[in-house]
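# Structural description and commentary
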Amino acid sequence: MSATAFETGEDFALAMDTKDPLRPFRERFHFPKTTSREECVYLCGHSLGLQPKTVRNYIDEELRDWAALGVEGHFHAQHPWVPYHRLLTDQTAGLVGAEPSEVVVMNSLTVNLHLMMATFYRPAKQRHKILMERGAFPSDQYAVKSQIRFHGFDPASSLIEIGPREGESCLRDEDIEDLIGREGNAIALIMFGGVNYATGQVLDMQGITKAGHKQGCVVGLDLAHAAGNIPLQLHDWAPDFAVWCSYKYLNGGPGCVGGCFVHERHAAEGSLPRFAGWWGHDEKSRFKMGPDFHPMHGAEGWQLSNPPIFALAPLRASMDMFAEAGMDRLREKSVVLTGYLEFLLKQQAGPRFSIITPSEPERRGAQLSIRLPEADRGVCERLVSQGVVGDWREPDTYRIAPVPLYNSFHDVYQFIQRFFRAIS
Ligand SMILES: Cc1ncc(COP(=O)(O)O)c(C=O)c1O
């Protein structure tokens with residue numbers, strides 16, 4: 001799919017769907033229904049992705065093996081549980097542009113962020129600050145501030161938060177890089193969301209990493225809103241670490257296991273300090289049950305516990321579909337689909353609402369954030385009652401994301417009709 005001269009009529013949306021090579025994937029997801037049993041217009045994949053219809057089979061297989069084999073399933077299940085998480089390694093590495101040894105699927109995002117900071121945030125007297133975006137996702141703020149306090153520093157003097165310029169909604173990459181250039185020698189850790197959760201803005205992750213490393217800072221990324229949404233090249237961009245969750249664009253289900261990236265240059269450094277658990281211990285001697293910890297090579301060396309099979313199984317269902325669809329094709333459709341949404345919104349944008357997400361496709365993913373200065377959460381609730389699922393972020397932002405794997409152009413068209421009615 002390529003950029004198109006968009007049109008406002010319904011027949012244009014239907015014609016685009018007919019031409020869409022990814023269209024068959026839609027049938028492979030469960031869509032929530034309205035009380036009158038109609039399919040919802042679901043534009044909330046930035047919050048919780050839909051359930052692939054194959055999830056049940058993936059879980060049933062493990063339930064059957066558990067019933068039939070008990071503990072023997074660890075080594076003799078059809079997909080043995082001890083290395084079960086590795087079924088996701090190659091696909092995950094491909095999705096985020098990493099080497100397989102650089103990624104592991106484990107825990108959840110905030111837990112992984114703490115594990116990464118335990119290793120990579122090593123504040124010293126002259127270099128103790130963390131730089132992050134102002135208004136970062138609250139869990140990231142809590143995690144970062146608690147780490148600062150844990151090391152005996154004070155967020156009031158150790159946390160730098162950079163925001164948009166006066167009157168602007170999004171950060172400027174050059175402002176971030178200027179700040180790093182000016183204050184980098186006091187910054188221990190630079191920690192940004194690759195895609196901002198509130199505005200949908202994509203940051204220049206490579207540029208920030210480069211600027212940070214030039215000043216001797218460690219660079220970490222929260223990719224909650226990036227994984228499965230935009231193409232990533234983590235190995236080449238070379239941040240020190242990254243973390244993400246799998247329940248948004250990756251459709252792994254509520255609270256699904258998250259992902260973690262540790263760059264290859266740290267892989268061999270078994271001596272890096274970390275919070276250890278037995279699953280991070282060298283697998284060849286793990287079951288010898290010795291007292292001393294010898295980490296596995298790569299990101300797997302940060303694992304703590306044996307993997308939760310029933311949380312990984314749904315993710316396998318979705319990742320198999322991602323592999324089939326291909327991130328290149330998904331991104332190609334996403335650019336057109338979100339461009340179409342923007343085009344339709346702009347037909348009526350004005351004092352009642354504005355789009356705060358950047359308009360350049362390379363500075364955004366699937367999501368558009370709409371600021372409604374005169375509205376409140378009631379708009380979102382009215383839309384839900386009309387079968388439209390997006391979400392509201394206080395004080396005045398409505399977020400929607402047409403997801404290329406399962407949303408159609410007609411979804412976007414229908415959304416627009418109901419949205420304009422709901423705010424009129
Ligand atoms: C940007 C961002 N960071 C962190 C989190 C917290 O994730 P978890 O609850 O998996 O720790 C979220 C959850 O939505 C998020 O969007």
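The structure we're discussing is the one just above.
Report on the accompanying structure. Keep in mind it's a predicted model, so treat the numbers as computed, not measured. In this convention, every chain numbers its residues from 1, walking through the sequence in written order. In keeping with the model being predicted, local features are shown solely for residues with a pLDDT of at least 70 and side-chain atom pairs are shown and tallied solely at 80 or more, while totals for entire chains, interfaces and linings include all residues. With hydrogens and water stripped out, all remaining heavy atoms of the structure feed into the side-chain values.

## With respect to the overall build of the protein
Looking only at helices and strands, the protein has 14 helices and 15 strands in total. Since a compact globule built from 424 residues should have a radius of gyration of about 22 Å, the 22 Å found for the protein is in line with a globular shape. The dimensions of the protein, computed from C-alpha atoms along their principal axes, are 65 × 60 × 35 Å. Taking all 424 residues of the protein together, 56% fall into the buried category. For the protein, contacts bridging at least 24 residues in sequence account for 69% of all contacts bridging at least 6. Per-residue and other accessible areas follow the Shrake-Rupley method at a 1.4 Å probe size, with only the shown protein chains counted as cover for residues. Taken as a whole, the protein presents about 18000 Å² of accessible surface, with 52% of it coming from carbon and sulfur. Going along the chain from the N terminus, every DSSP run of H or I of four or more residues is numbered as a helix, and every run of E of two or more is numbered as a strand. Between the two quantities, the radius of gyration covers C-alpha atoms and the globule rule is 2.2 Å times the number of residues to the power 0.38. Categorising residues by exposure relies on relative accessible area from a 1.4 Å probe, with only protein chains included: less than 20% of the type maximum marks a residue as buried, more than 50% marks it as exposed, and the intermediate range marks it as partly exposed. Whether two residues are in contact is decided by their heavy atoms, any of which lying within 4.5 Å being enough.

## Considerations on the pairing of strand E7 (residues 187-193)
Counting buried positions along E7 gives seven out of seven residues, so the element sits mostly inside the fold. In short, DSSP must find at least two bridges between two strands for them to pair. Here strand E5 (residues 129-133) pairs with E7 via three bridges, running parallel. Pairing of Lys129 across the sheet is with Ile187, part of E7. Of the pairings in the sheet, the one linking E7 to strand E8 (residues 218-222) comprises five bridges and is parallel in character. Opposite Leu189, over in E8, you have Val218 as the bridge partner. Crossover handedness is defined by viewing with both strands directed away from the observer: a clockwise path from the first strand over the helix to the second marks the crossover as right-handed. Each parallel crossover has a hand, and for E7 linked through helix H9 (residues 205-214) to E8 it is right-handed.

## Some remarks on the packing of aromatic side chains
Note on ring pairs: Phe, Tyr and Trp rings are taken, using the six-membered ring of Trp, and paired if centres are within 6.5 Å. Classes follow the plane angle, with under 30 degrees stacked, over 60 edge-to-face and the rest tilted. One pass over the full model with this rule turns up 21 aromatic pairs. Judged by centre distance (5.6 Å) and plane angle (50 degrees), the ring pair of Tyr340 and Phe409 falls under tilted. In this pair, Tyr340 sits in helix H12 (residues 327-346) while Phe409 sits in helix H14 (residues 409-423), placing the two residues 69 residues apart along the sequence. Each member of the pair, Tyr340 as well as Phe409, is classed as buried.

## Regarding the site of the ligand
Taken together, Ser108, Leu109, Thr110, Phe137, Asp140, Asp222, Ala224, His225, Tyr247 and Lys248 are the residues near the ligand. Think of a polar contact as two N or O atoms within 3.5 Å of one another; within protein, one of them needs to be a possible hydrogen donor and the other a possible acceptor, and neighboring residues in sequence only count if both atoms come from side chains. Between an oxygen atom of the ligand and a side-chain N or O atom of Tyr247, the distance comes to 2.7 Å. Interatomic distance of 2.8 Å between a side-chain N/O atom of Lys248 and an oxygen atom of the ligand. The protein chains hide 81% of the 400 Å² of surface that the ligand would expose on its own. We call Asp, Glu, Lys and Arg charged. Ala, Val, Leu, Ile, Met, Phe, Trp, Tyr, Cys and Pro are nonpolar, and the rest, Gly among them, are polar. Class assignment for the residues of the shell around the ligand results in four nonpolar, three polar and three charged. A cutoff of 4 Å decides nearness: a residue is near a molecule or strand if any of its heavy atoms lies inside that distance of it.

## A short note on the sheet that holds strand E14 (residues 391-393)
The four strands are arranged E11-E12-E15-E14 in an open sheet whose pairing can be described as antiparallel. In this open sheet, the two edge strands, each paired with only one partner strand, are strand E11 (354-355) and E14.

## Digging into a nonpolar patch on the surface
Taken together, Phe75, Trp278, Phe287 and Met289 make up a surface patch of nonpolar side chains, about 450 Å² in accessible area. Relative to the assigned elements, Met289 resides in the loop between strand E10 (258-262) and helix H11 (309-325). Only residues whose relative accessible area exceeds 30% and that form no salt bridge enter a patch; like-charged residues are grouped when within 9 Å of one another, and nonpolar side chains (Val, Leu, Ile, Met, Phe, Trp, Tyr) when within 5 Å. We define a salt bridge as a contact between a side-chain nitrogen of Lys or Arg and a carboxyl oxygen of Asp or Glu at a distance within 4 Å.

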